[in-house]
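Structure at a glance
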Amino acid sequence: RMGIYPFAKTYVESGLGFGVSGGVAVERWAGLWVARSTSFADWRHRTADTAWTHSFAFGYARAVIQERRYDRLATGHDLACGALARLAFSGDRLSQAAAYEASVLVKRPLRSGWLYGYVEPVVRWERATGWHPDAGLRFGIDALFWGLSAQSAEVASYCK
């Protein structure tokens, strides 16, 4: 199955003024395998600057948290249980890349379908540092206080 998830908003941020941002995520599922492409742009009136990000992701998801929030789709944090490899490109003008990032997200439930833990090795290259690779490790937890795509017992059984 295939899904397309658009996103758009206008906003006012103190100190920065009016802005407009938008994006689109396209995903394709084949069984438990998923491929995603996401694009995002953010324009601020005060600086007349446009920042953009594009990413490609490919992974295996035994269970998914169905939030349909663009930011969680773009980073893979909508996974309840699985792994996702991601390549991201971002820039500060319409034609110049400022950073590249490669990562692998691994996420699992920790407690009764409402608490999830993840670890994500990442390598980032930035124009500002002469494209020198900067390796790191992101890790954290996601705590949910609303409904899931499936019952807690179902998520737990998928992730064994």
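These remarks concern the structure in this document. Because the structure is predicted, anything quoted here is derived from the model rather than measured.

1. Digging into the overall build of the chain
Helix and strand counts for the chain come out as 2 helices and 8 strands. Going from the N terminus to the C terminus, the chain shows its helices and strands as β-β-β-β-α-β-β-β-β-α. Relative to its full complement of 160 residues, the chain shows a buried share of 36%. Sequence separation of at least 24 residues holds for 47% of the intrachain contacts in the chain that already meet a minimum separation of 6. Surface exposure of the chain reaches about 9,200 Å², of which carbon and sulfur atoms provide 61%.

2. Observations concerning the nonpolar core
By size, the foremost hydrophobic cluster in this structure holds 9 residues: Trp 29, Val 34, Ala 57, Ala 61, Val 64, Leu 79, Leu 84, Leu 105 and Tyr 118. Secondary-structure elements contributing two or more residues to this core are β4 (49-64) and β5 (79-91). Counting residues per element, this core draws most heavily on β4, which supplies 3 residues. One finds Ala 63, Cys 81, Tyr 116 and Leu 144 within the second-largest nonpolar core, a separate group that totals 7 residues.

3. Some words on the pattern of salt bridges
Tallied over the entire structure, the rule returns 10 salt bridges. Salt-bridge contacts for Lys 107 lead to Asp 142; the nearest nitrogen and oxygen are separated by 2.6 Å. Of the two residues, Lys 107 is situated in strand β6 (residues 97-111) and Asp 142 in strand β8 (residues 133-143); the sequence distance between them amounts to 35 residues. A single burial state applies to Lys 107 and to Asp 142, both of which are buried. Connected through shared salt-bridge partners, Arg 86, Glu 101, Glu 120, Arg 124, Glu 126 and Arg 138 make up one network.

4. Notes on the packing of aromatic side chains
Evaluation of the coordinates by the stated rule reveals 7 aromatic pairs. Centre to centre, the rings of Trp 33 and Phe 58 are 5.5 Å apart; their planes meet at 15 degrees, and the pair counts as stacked. Pair noted here: Trp 33 is in strand β3 (residues 33-44) and Phe 58 is in strand β4, with a separation of 25 residues, a long-range link. Residue classification places Phe 58 among the partly exposed positions, given a relative accessible area of 48%. Measuring from ring centre to ring centre gives 5.2 Å for Tyr 100 and Trp 131, while their planes differ by 40 degrees; the resulting arrangement is tilted. Linking Tyr 100 in strand β6 with Trp 131 in the loop between β7 (115-126) and β8, this pair joins segments that are 31 residues apart in sequence. Here the aromatic cluster, defined as three or more aromatic residues joined through ring pairs, consists of Phe 56, Phe 89, Tyr 100 and Trp 131.

5. A short note on the environment of Ser 103
By the secondary structure assignment, Ser 103 is in strand β6. Distance in space between the C-alpha atoms of Ser 103 and Gly 136 is 9.5 Å, their sequence separation being 33 residues. Discounting residues that sit within four places of it in the chain, Ser 103 has contacts with Leu 84, Ala 85, Arg 86, Glu 120, Pro 121 and Val 122. Of the polar contacts made by the side chain of Ser 103, one reaches the side chain of Glu 120; its length is 3.0 Å.

6. A word on the sheet that holds strand β1 (residues 2-13)
In space, the 8 strands of this open sheet follow the order β1-β2-β3-β4-β5-β6-β7-β8, with antiparallel pairing throughout. Edge strands, defined here as strands with exactly one partner in the open sheet, are β1 and β8. Here the average twist between neighbouring strands, direction ignored, is 15 degrees. Relative to β5, β4 runs antiparallel, the two being bridged by 12 bridges. Residue Phe 56 lies in a different strand from β5, and its bridge partner there is Leu 87.

Procedures and definitions
- Positions within a chain are numbered from 1, following the residues in the order the chain's sequence is written.
- Totals for whole chains, interfaces and linings use all residues, but because this is a predicted model, local features are given only for residues with pLDDT of at least 70 and pairs of side-chain atoms are given and counted only at 80 or more.
- The basis for every side-chain value is the complete set of heavy atoms in the structure, and neither hydrogens nor water enter the calculation.
- Going along the chain from the N terminus, every DSSP run of H or I of four or more residues is numbered as a helix, and every run of E of two or more is numbered as a strand.
- Burial classes: relative accessible area under 20% of the type maximum marks a residue as buried, over 50% as exposed, and values in between as partly exposed (1.4 Å probe, protein chains only).
- The criterion used for residue contact is that any of the two residues' heavy atoms lie within 4.5 Å.
- Here the open area of atoms and residues is found with the Shrake-Rupley method and a 1.4 Å probe, where only the protein chains shown may cover a residue.
- To define a nonpolar core, start from buried Ala, Val, Leu, Ile, Met, Phe, Trp, Tyr and Cys residues and group those joined through side-chain atoms within 4.5 Å.
- Salt bridges are identified by distance alone: a Lys or Arg side-chain nitrogen within 4 Å of an Asp or Glu carboxyl oxygen.
- Stacked, tilted and edge-to-face pairs are distinguished by plane angle, under 30 degrees for stacked and over 60 for edge-to-face with tilted covering the rest, among Phe, Tyr and Trp rings (Trp via its six-membered ring) whose centres lie within 6.5 Å.
- As used in this structure description, the phrase polar contact means that two N or O atoms lie within 3.5 Å; if the pair is within protein, one of them must be able to donate a hydrogen and the other to accept it, and residues adjacent in sequence are counted only when both atoms belong to side chains.
- Two strands are said to pair when DSSP picks up at least two bridges between them.
- Angles shown run from 0 to 180 degrees and are taken between the N-to-C directions of axes, each axis being a line fitted to C-alpha atoms and, for helices, limited to the stretch in contact.

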